[in-house]
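Each chain is listed here by its residues.
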Amino acid sequence: MSGSLHGIGEFAKLTRLSIKALRHYDEHGLLAPAHVDPVTSYRRYASQQIPRATLIGDLRRIDVPLAVVAQILDATPDDALAIYQAWWVGEERRHGDRRGIGRYVTARLRREGQPPMEIQTRTVPRRKLAVMGKELFQPELEQFIMSSFHDLFSWSERHPGLRELTTTPAWPTYVVFHGPVTPDHSAYVEVVIVIDGPAEPEGAIVLKIEEEHEEAYTDVTRMGLEFPDILAAYDAVAMWVTQHGTPRDDMPSREVYVADVIQAGMDEVVASVAFPYVPNA
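A brief report on the enclosed structure follows. (Residues numbered from 1 in each chain as written. Predicted model: local features only at pLDDT ≥ 70, side-chain atom pairs only at ≥ 80, totals over all residues. Heavy atoms only, no water.)

Regarding the packing of helix 3 (residues 50-61) against helix 4 (residues 66-74)
Part 1: For the pair helix 3 and helix 4, the least separation of the axes is 10 Å and the interaxial angle reads 145°. By crossing handedness, the relation of helix 3 to helix 4 is classed as right-handed. Only Leu 66, Val 69, Ile 72, Leu 73 and Asp 74 of helix 4 make contact with helix 3, whose side of the interface consists of Arg 52, Leu 55, Ile 56, Leu 59 and Arg 60.
Part 2: A class-by-class count of the residues in the contact of helix 3 with helix 4 yields seven nonpolar, no polar and three charged. (Axes fitted to C-alpha atoms, helices over the stretch in contact; angles between N-to-C directions. Helix = DSSP H or I, 4+ residues; strand = E, 2+ residues; numbered from the N terminus. Left-handed = near helix turned anticlockwise from the far one by under 90°. Contact = heavy atoms within 4.5 Å. Nonpolar A, V, L, I, M, F, W, Y, C, P; charged D, E, K, R; others polar.)

Quick word on the sheet that holds strand 3 (residues 43-46)
Part 1: A sheet is described by the order of its strands in space; here three strands give the open sequence 1-3-2, paired in antiparallel fashion. For this open sheet the edge positions go to strand 1 (5-7) and strand 2 (35-36), each flanked by a neighbour on one side alone.
Part 2: Sheet topology places strand 1 next to strand 3; three bridges connect them, and they run antiparallel. For His 6, the partnering residue across the bridge sits in strand 3 and is Tyr 45. (Pairing = 2+ DSSP bridges.)

So, a nonpolar patch on the surface
Part 1: A surface patch of nonpolar side chains, about 340 Å² in accessible area, is lined by Ile 101, Val 105, Leu 109 and Phe 227.
Part 2: Structurally, Ile 101 can be placed in helix 5 (residues 77-111). (Patch = residues over 30% accessible without salt bridge, like charges linked within 9 Å, V, L, I, M, F, W, Y side chains within 5 Å. Areas by Shrake-Rupley, 256 points an atom, 1.4 Å probe, with all protein chains shown as cover. Salt bridge = Lys/Arg side-chain N within 4 Å of Asp/Glu carboxyl O.)

Here is the structure:
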């Protein structure tokens, strides 16, 4: 072996990586050998590649995806740190969600059923709605909801008399979920305010009419809105609907807000989890 070149077996020992892993990283363009013998295909690595190899190994030990590893390796030191920290923040959020769901599942199994919740029904009148919608993943959800409500209320303020500029039972706001939103699966989400009066769509804001319908719902406090506690509300209403009717295919489940969540106390009812449905005959 000449100079500072190392055979793949020796390089694997120096970097705490397996030979299989080194070949895998080469195949994905992350760590090519410094030299490959054209006859034997024997791989040799340079000593200068050790820091890169060990960094790849450390990142993969905490399950950083190969695509993110590639971004980190190709970036400047400052940008590499920023990319890694952004990934780590997202992972902490996902781990927090998983811990929460784990506690929720444990509680359900110990209770052998759902916590008791009062399910009510109501007839929702025909309403005119201003809507902002987007296909998104869970990490994008909170920011999209907050920014959309800000834009919708700013738009409404430019149309005097269109609605009250707050959220009340008479002037509710919605978040409508057209499917489950998770870190791995996206769904279309609509942020909605109820309006009454002439107005024109603007930018990403569209106007819709929602016809009169029946809803099953349960009230939720500000504390109950926290994830994963809110899952219990969704599960309870969904179960009730399956026993007393049929969910509406054309009207997804929604969170209907009746108060300013930020200003409310933790035990104050601020919303309801609602499922539009067709009652059994």
